[in-house]
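A look at the structure
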Amino acid sequence: ISDEDMERIMKAASRSKYFNYFKILASTGLRPSEALGLQIRDIKDDFLEIRRGWTIDGYSPLKTKAAKRDIPLTTDLKCFLLDQRERYAFVTKEGWLFPAANKKPSMNALQCAFKHILKQTAEWKKGGKTNQKKIAVIRPPVKCSLYDFRHTFATKMAEAGMHQTALQAIMGHTDISITLKYYIGVTDNMMEQARTLMSAQNV
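Only a predicted model underlies this, so the values are computations on that prediction, with no experimental measurement involved. (Residues numbered from 1 in each chain as written. Predicted model: local features only at pLDDT ≥ 70, side-chain atom pairs only at ≥ 80, totals over all residues. Heavy atoms only, no water.)

1. Description of the overall build of the protein chain
Each helix and strand in the protein chain was counted, giving nine helices and six strands. Projected onto the principal axes, the alpha-carbon positions of the protein chain cover approximately 70 × 45 × 30 Å. By the burial criterion, 41% of the 203 residues in the protein chain qualify as buried. Split by element, the accessible area of the protein chain, about 12200 Å² in all, is 54% carbon and sulfur. A distance of 9 Å separates the average location of the 33 positive side-chain charges in the protein chain from that of its 21 negative side-chain charges. (Helix = DSSP H or I, 4+ residues; strand = E, 2+ residues; numbered from the N terminus. Buried < 20%, exposed > 50% of the residue type's maximum accessible area, 1.4 Å probe, protein only. Areas by Shrake-Rupley, 256 points an atom, 1.4 Å probe, with all protein chains shown as cover. Lys, Arg positive; Asp, Glu negative; His and termini not counted. Charge placed at Lys NZ, Arg CZ, Asp CG, Glu CD.)

As C-alpha cells, then:
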C-alpha cells in the first residue's frame, strides 16, 4: 500500500469503529485475525502480547510457537491501543478491543466495514443543483486487502534496515525464508540506502 493510498484509507476510516484497528495493523504487521483477537489484558507497559486470533470461524488459538509473541510498543501504537481500551473497557467481560454488535469480535463485520471504507476512498467530480451529484470518477477507490497492511509493514521495516531476525520475531514467522523475501525484493529506497553506504566508504 503506497503512502498516498494509506492516507486515503485512514481518512475514509476515521469515522469507523475500526479506525484504531487499521492503525494497529499498519503499525505492527499483525495478521488480521491476530489484531481482531486482541483483548485489554494483552496491553502491557512496554509490549503487546499476541496470544490468540479471531477468524471468520470465530476464536482461534495461534497455530505455531512463533506466532505467540510480544510486540514492542511504540508511542503511537500505545496511543491507539489505550484509546481503544478507553472506548471498549466495559463493553464485554472478556475485554475484547474490537467487539461487534453481538459483543464478540466478528471478521464478517470487519470485512464489511473495510469494503465500505475502500469504496469511500474514491474521488468524484460532483455537480447538479446542490453540487452533490456524482458525475464522474476522478480517482478510483483504493484496491487492497487486510493482509496488504501486513506486507506493507514488513516491506517498510526491511527498507528501514530492521534486522532480519527481529522482523521475523515481530511478524511471527516460523521460517526465516518467509521474512527474507521482504529483503530480496529490492526497492528504490533500498537502492538509495545502498548508494549512501557505498558513498561513505573510504577507498
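2. Re the packing of helix α2 (residues 19-28) against helix α6 (residues 146-159)
Relative orientation and spacing of two packed helices are given, respectively, by the angle between their axes and the distance between those axes. Contact pair α2 / α6: the axes reach a minimum separation of 7 Å and the direction vectors enclose 35°. Between α2, through Tyr21, Phe22, Leu25, Ala26, Ser27 and Thr28, and α6, the contact on the second element is made entirely by Leu146, Phe149 and Phe153. When its residues are assigned to classes, the contact of α2 with α6 shows seven nonpolar, two polar and no charged. (Axes fitted to C-alpha atoms, helices over the stretch in contact; angles between N-to-C directions. Contact = heavy atoms within 4.5 Å. Nonpolar A, V, L, I, M, F, W, Y, C, P; charged D, E, K, R; others polar.)

3. Considering the side chain of Ser33
Topologically, Ser33 is positioned in helix α3 (residues 32-36). Its relative accessible area of 17% is what places Ser33 among the buried residues. Excluding its chain neighbours within four sequence positions, the residues that come into contact with Ser33 are Arg52, Gly53, Trp54, Thr55 and Met107.

4. Some thoughts on the pairing of strand β3 (residues 58-61)
If a strand is regular, its side chains alternate between the two faces of the sheet. Two elements, strand β2 (residues 52-55) and β3, share four bridges in a ladder whose sense is antiparallel. Each bridged residue has a counterpart across the sheet, and for Arg52 the counterpart in β3 is Pro61. Counting the residues that bridge the hairpin from β2 to β3 gives two residues. (Pairing = 2+ DSSP bridges.)

5. Quick look at the nonpolar core
Membership of the largest hydrophobic core comes to 47 residues, with the highest contact counts inside it found for Tyr21, Phe22, Leu30, Leu48 and Leu81. Ranked by residue count, the leading element in this core is helix α5 (residues 107-120), at six residues. If we ignore the near neighbours within four places in the chain, the residues touching Leu30 are Ile24, Leu25, Ala35, Leu38, Leu48, Ile50, Arg69, Ile71 and Arg150. (Core = buried A, V, L, I, M, F, W, Y, C linked by side-chain atoms within 4.5 Å.)

6. Considering the state of the cysteines
A covalent bond between the sulfur atoms of two cysteines is what we call a disulfide. The full count for this structure, using the stated rule, is zero disulfides. With no disulfide of its own, Cys144 lies closest to Cys112 among cysteine sulfurs, the gap being 16 Å. (Disulfide = S-S within 2.5 Å.)

7. Details of the pattern of salt bridges
In the structure shown here, the tally under the stated rule is 11 salt bridges. Note that Glu34 is salt-bridged to Arg31, the shortest N-O span being 2.7 Å. Given a relative accessible area of 2%, Glu34 falls into the buried group. Take Arg31: its relative accessible area is 18%, and that puts it in the buried class. Across the pair Glu123 and Arg139 runs a salt bridge whose closest N-O atoms are separated by 2.5 Å. Within this pair, whereas Glu123 is found in strand β5 (residues 123-127), its partner Arg139 is found in strand β6 (residues 133-139), the two being separated by 16 residues in sequence. (Salt bridge = Lys/Arg side-chain N within 4 Å of Asp/Glu carboxyl O.)

8. Here we look at unusual backbone geometry
In the Ramachandran plot, Lys103 falls in the positive-phi region, its phi being about 70° despite a non-glycine side chain. Its place among the elements puts Lys103 in the loop between α4 (75-88) and α5.

9. Some details on the packing of aromatic side chains
For the structure shown, the criterion picks out eight aromatic pairs. Ring geometry for Phe22 versus Phe114: centroids 5.5 Å apart, planes at 35°, classification tilted. Taken together, the residues span a long stretch of sequence, with Phe22 in helix α2 and Phe114 in helix α5 at a distance of 92 residues. Geometrically, the ring pair formed by Trp54 and Trp96 is edge-to-face, given 5.1 Å between the ring centres and 75° between the ring planes. (Phe/Tyr/Trp six-rings, centres within 6.5 Å; stacked < 30°, edge-to-face > 60°.)

10. A look at α5
Here α5 contains 14 residues, and its C-alpha end-to-end distance of 20 Å stays within 8% of the 20 Å for a straight helix at 1.5 Å per residue. All buried positions along α5 are accounted for by Met107, Leu110, Ala113, Phe114, Ile117 and Leu118. Taken down its axis, α5 places every buried residue within 140° of arc, on the same side. Residues of α5 that are exposed and point more than 90 degrees away from the buried face comprise Cys112, Lys115 and Lys119. Looking at the buried residues of α5, the elements they touch are α1 (3-13), α2, α3, β2 and α6. (Expected span 1.5 Å × (residues − 1). Arc of directions from axis to C-beta.)

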